[in-house]
Amino acid sequence: MKTNKLLILFVLIASILASSCSKKKKGDIVPDDMNINLSDAISIPDLEKKGFIYEDTIVSGRDLYQKLRTLIYYGDNAGTILNQYLSVFDQYEITGPTIFSFINDLDGKTKNVVVTDHADFFNETWDYFMFVTDGVEGGALALYWNVNPRKAIAIFRPKALNSNSTFLRNAWVWIEYNESHQFFDKTTLIQLTDMDTTSANYMSKLKMFIGKKGDIAHIYGNTIHPTAYLVDPEHTGGRSWAFKAKNNTKLDIAVAKCALPTTKMTSDEMPVIWTTYTMDEVLRAEIEAVYTEATPAQVDYYVNNAVGLAYFIGPAGFVSNNLDVPEDPGFTNDLLNLTGLEPWTPLDVYNMIISF
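As the structure is a prediction and not an experimental result, all values here were calculated from the model. (Residues numbered from 1 in each chain as written. Predicted model: local features only at pLDDT ≥ 70, side-chain atom pairs only at ≥ 80, totals over all residues. Heavy atoms only, no water.)

### A short note on the pairing of strand β1 (residues 98-103)
What counts, and what does not: Here, a strand pair is defined by DSSP locating no fewer than two bridges between the strands. Each helix is a run of DSSP H or I of at least 4 residues and each strand a run of E of at least 2, with the numbering of both proceeding from the N terminus.
Looking at chain direction, β1 and strand β2 (residues 110-121) are connected through 6 bridges and run antiparallel. Bridging from a neighbouring strand, Phe100 pairs with Val113 of β2.

In structure tokens:
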């Protein structure tokens, strides 16, 4: 369990909801779980480090791999927020189409709810559709879902769901959840746009897939940082985290690999993402551009732990990389095999728009 103050706030919110809502009633059709929880090894809050730049120091591969865990946390925790809000409806017996209003205990504001059946959206006909609005902010949540097997798409705005929201407050969030995948037990696709920022070095968008099979979560995705650089302030084009990973959520261990292309890399350039734009190649190029007198050995000091796969254990995170595989027996060949997990083209994520 994460120990960050933000998580403590989420736990308090969940407790409030639990005390104010009765047990989910038989026949209630609203989904109550659209999330796949990742473990601390690969997802942990450190909200002061969502950007790239470390002032007055040279960033190392270890620093960048630790930062990956924070970026993944943004997508991971978006599902937690949605689940917490869906639990609000446990006190209402929603068994079919209905219209009603209620006072949200989280912010004291009136929310208006409309539930219909047989809605068409995203080239599919859904069993049910719910639209929640706030009297001030307008649209708060659009939820399309099938009951059996459980499948759903949720589009929401945290500040409209709860005016006291701080995490992802101004963002648009899209979550697809599916329990009928041909390989995975369940999957989620998380997309975030219009993310909060107070810095020129910020993350504006994220797109991430999680597929869970048994205890193993398969993860891949991209984040967009329009003005980011690692070491060289003259770098233009920003950076996109392009990542793939696996997480044994039971053992709390993980492996990951990252590339750092520019934010507008096109599909034509994708074949070189794991050669020209690997984390170690990009980091080396930026260090050498700034520290022109540095020897190869001095550069290697920062770059060596950016090479190849990275290995993570528990809350501490990064422990080693490349050929230095931890002795923990959980790091099997299957866990280390990231074949088939490929991020999206950065330009497509850069251009991503979410709305109702």
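### Observations regarding the confidence of the model for the chain
Test applied: pLDDT: the predictor's confidence for each residue, scored from 0 to 100. For this analysis, residues touch if any pair of their heavy atoms sits within 4.5 Å.
For the chain, per-residue confidence averages 89 on the pLDDT scale, and residues scoring 70 or more make up 88% of the total. Counted against residues more than four places away or in other chains, residues 1-24, with its pLDDT under 50, gives 41 contacts.

### Here we look at the pattern of salt bridges
Quick note on the threshold: Any carboxyl oxygen of Asp or Glu that lies within 4 Å of a side-chain nitrogen of Lys or Arg is treated as forming a salt bridge with it. Working definition: with a 1.4 Å probe on protein chains only, accessible area under 20% of the residue-type maximum means buried, over 50% means exposed, and in between means partly exposed.
Counted by the stated rule, this structure contains 10 salt bridges. Residues Lys111 and Asp107 are paired through a salt bridge, measuring 3.1 Å at the closest nitrogen-oxygen approach. The salt bridge involving Glu342 is made with Lys244; its shortest N-O contact spans 3.1 Å. Linking Glu342 in the loop between α6 (333-336) and α7 (346-350) with Lys244 in strand β10 (residues 239-248), this pair joins segments that are 98 residues apart in sequence. Among the residues examined, Glu342 registers a relative accessible area of 37% and is labelled partly exposed. A single network of salt bridges, built from pairs that share partners, joins Asp32, Arg150 and Glu179.

### With respect to the nonpolar core
To keep it simple, the criterion reads: The nonpolar core is taken to be a set of buried Ala, Val, Leu, Ile, Met, Phe, Trp, Tyr and Cys residues, with the residues joined through side-chain atoms within 4.5 Å.
One finds Ile42, Met130, Leu141 and Leu143 to be the most contacted residues of the largest nonpolar core, which totals 81 residues. Here the element with the most residues in this core is helix α2 (residues 61-86); it accounts for 12 residues.

### Quick word on the pairing of strand β9 (residues 216-225)
Most of β9 sits out of view: 10 of its 10 residues are buried. Both faces of β9 are covered, namely the face carrying Ile216, His218, Tyr220, Asn222 and Ile224 and the face carrying Ala217, Ile219, Gly221, Thr223 and His225. Alignment of strand β8 (residues 205-213) against β9, held across 9 bridges, turns out to be antiparallel. In the sheet register, Gly211 faces β9, and the bridge partner there is His218. Between the end of β8 and the start of β9, which pair antiparallel, lie 2 residues, with Gly214 showing a positive phi angle near 65°.

### A look at helix α4 (residues 279-290)
Our working definition: Multiplying 1.5 Å by the helix residue count minus one yields the expected span of that helix. The arc in question is the one spanned by the directions pointing from the helix axis to the C-beta atoms.
The terminal C-alpha atoms of α4, which comprises 12 residues, lie 17 Å apart, in line with the 16 Å expected from a rise of 1.5 Å per residue. What α4 keeps buried is the set Met279, Asp280, Val282, Leu283, Glu286 and Ile287. In a view along the axis of α4, the buried residues occupy a sector of 165°, so they form one face of it. In this fold, the buried residues of α4 make contact with α2, β10, β11 (253-259) and α5 (296-303).

### Quick notes on unusual backbone geometry
The general pattern is negative phi for most residues beyond glycine and trans for most peptide bonds. That bond from Asn148 to Pro149 is cis: its omega, -5°, falls within 30 degrees of zero. Along the chain, Pro149 turns up in the loop between β4 (138-146) and β5 (151-156). Here the phi dihedral of Leu168 falls at roughly 55°; this positive angle occurs in a residue that is not glycine. For Leu168, the position within the fold is in the loop between α3 (158-161) and β6 (172-178).

### Overview of the packing of aromatic side chains
Note the following rule: Only rings of Phe, Tyr and Trp enter the pairing, Trp through its six-membered ring, and a pair is recorded when the two centres are within 6.5 Å. The plane angle decides the type: under 30 degrees is stacked, over 60 is edge-to-face, the rest tilted. We call a charge positioned over a ring when the NZ of a Lys or the CZ of an Arg lies within 6 Å of the ring centre and within 35 degrees of the ring normal.
Taken as a whole and judged by the stated rule, the model has 25 aromatic pairs. Centre to centre, the rings of Tyr85 and Phe89 are 5.9 Å apart; their planes meet at 75°, and the pair counts as edge-to-face. Phe89 shares its class with Tyr85; the two are buried. With a centroid separation of 5.8 Å and 55° between ring planes, the pair formed by Phe184 and Phe209 is classed as tilted. Residue Phe184 is found in the loop between β6 and β7 (186-193), and its partner Phe209 is found in strand β8; the two are separated by 25 residues along the sequence. Classification of Phe209 by relative accessible area gives buried; the value is 12%. Pairwise contacts between aromatic rings join Phe121, Phe122, Phe129, Phe131, Tyr144, Trp172, Trp174 and Phe356 into one cluster. A cation over a ring is seen here: Arg157 above Trp172, with NZ or CZ 5.4 Å from the ring centre. Geometry around Trp274 places Lys244 over its ring, the cationic atom sitting 4.5 Å from the centre.

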